[in-house]
Amino acid sequence: EIDPLDDWQGDLFDTGAEDEQKLGDLLDRLAVRLGSSAVVRPRLCSDHQPERAFQYLPVVSDGRKPTARSAQTDAASIGLRPLRLSPNPIEIAAISVVPDGPPIAFRFEGVQHAIADSIGPERIETGWWRGPHVQRDYYRVTTSAGRRYWLFRDRGIGRWFLHGWFD
């Protein structure tokens, strides 16, 4: 008499395949209940204006079962953009040696930050057909405390803004 063997040997290292299957099942259930257009994932796209450099795509498409990989952001070319981007640029007080030059210090949330290193400017302008004309000079700065920020000077009004953090 032969019985099937119920025991199975586990993997030596966790491959995460079971977690990926669970996430895929969850996304599938959500898409069925809420509609496939309601369960979306962000996808980076090329755009000069940083706050518009993404789009939302449905996780479930073409009748395929979703996977954990399809739920992740496509980060093929993140480039030199910060990890966290403020939805609305935050106005800050900044000091620069010359009006069009890089900042040497800035004040954010009541704290004065001395800048140890800055890279830039990266000039970003949008076309007239996109609504309000955007003219910005972005700088990647490192403070003396080691924190990294993404600052820009609005060339139209001459004010400084904090747009993102690299930490």
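Structural data are supplied above this passage.
For the structure given in this document, a descriptive report is provided here. (Residues numbered from 1 in each chain as written. Predicted model: local features only at pLDDT ≥ 70, side-chain atom pairs only at ≥ 80, totals over all residues. Heavy atoms only, no water.)

Okay, the nonpolar core next. Among the nonpolar cores identified, the biggest contains 11 residues, and these are Ile92, Phe106, Phe108, Ile115, Tyr139, Val141, Tyr149, Leu151, Trp160, Leu162 and Trp165. Where this core is concerned, the elements lending two or more residues are β4 (103-108), β6 (135-143), β7 (148-154) and β8 (160-165). In terms of residue count, β8 provides more of this core than any other element does, three residues in total. Setting aside chain neighbours within four positions, we find Val141 in contact with Pro103, Phe106, Ile115, Asp117, Ser118, Arg147, Arg148, Tyr149 and Leu151. Counting six residues, the second-largest nonpolar core is a separate cluster that includes Ile124, Tyr138, Trp150 and Phe166. (Core = buried A, V, L, I, M, F, W, Y, C linked by side-chain atoms within 4.5 Å. Buried < 20%, exposed > 50% of the residue type's maximum accessible area, 1.4 Å probe, protein only. Helix = DSSP H or I, 4+ residues; strand = E, 2+ residues; numbered from the N terminus. Contact = heavy atoms within 4.5 Å.)

Glancing now at the sheet that holds strand β5 (residues 111-125). Taken together, six strands build a closed barrel; the order of strands is β3-β4-β5-β6-β7-β8 and the barrel is antiparallel. Between one strand axis and the next, the sheet turns by 45° as a mean value, whatever way the strands run. Of the pairings in the sheet, the one linking β6 to β7 comprises seven bridges and is antiparallel in character. Across the sheet, the residue bridging to Arg136 is Asp154, located in β7. (Pairing = 2+ DSSP bridges. Axes fitted to C-alpha atoms, helices over the stretch in contact; angles between N-to-C directions.)

Assignment of secondary structure puts Arg155 in the loop between β7 and β8. In this structure Arg155 comes out as partly exposed when scored by relative accessible area, which is 27%. A polar contact is formed between the side chain of Arg155 and the side chain of Glu125, at a distance of 2.9 Å. (Polar contact = N/O pair within 3.5 Å; in protein donor to acceptor, adjacent residues only side chain to side chain.)

The peptide bond linking Gly120 to Pro121 adopts the cis configuration, its omega dihedral lying at 10°. For Pro121, the position within the fold is in strand β5. Non-glycine residue Glu109 carries a positive phi angle of around 55°. In this structure, Glu109 sits in the loop between β4 and β5. The class for Glu109 is exposed, based on a relative accessible area of 66%.

Let us look at the packing of aromatic side chains. Scanning the model with the defined rule gives seven aromatic pairs in all. Arranged with centres 4.1 Å apart and planes meeting at 25°, the rings of Tyr138 and Trp150 form a pair that is stacked. Taken together, the residues span a long stretch of sequence, with Tyr138 in strand β6 and Trp150 in strand β7 at a distance of 12 residues. Here Tyr138 matches Trp150 in class, with each residue buried. Between the aromatic rings of Tyr139 and Trp160, the centroid separation amounts to 5.7 Å while the plane-to-plane angle is 45°, which identifies the pairing as tilted. With Tyr139 in strand β6 and Trp160 in strand β8, the pair connects residues that are 21 residues apart, well separated along the chain. On the basis of relative accessibility, which here comes to 1%, the residue Tyr139 falls in the buried class. (Phe/Tyr/Trp six-rings, centres within 6.5 Å; stacked < 30°, edge-to-face > 60°.)

Quick look at the pattern of salt bridges now. For the coordinates displayed, the defined rule picks out seven salt bridges. Residue Glu91 pairs with Arg159 through a salt bridge whose shortest N-O separation is 3.6 Å. With Glu91 in strand β3 (residues 84-96) and Arg159 in the loop between β7 and β8, the pair connects residues that are 68 residues apart, well separated along the chain. A relative accessible area of 44% places Arg159 in the partly exposed class. Here Glu125 makes a salt bridge to Arg155, at a shortest N to O gap of 2.9 Å. A residue pair is termed long-range when its members are at least 10 positions apart, and Glu125 in strand β5 and Arg155 in the loop between β7 and β8 qualify at 30 residues. In this structure Glu125 comes out as partly exposed when scored by relative accessible area, which is 34%. Through salt bridges with shared partners, a single ionic network connects Asp100, Arg123, Asp137 and Arg153. (Salt bridge = Lys/Arg side-chain N within 4 Å of Asp/Glu carboxyl O.)

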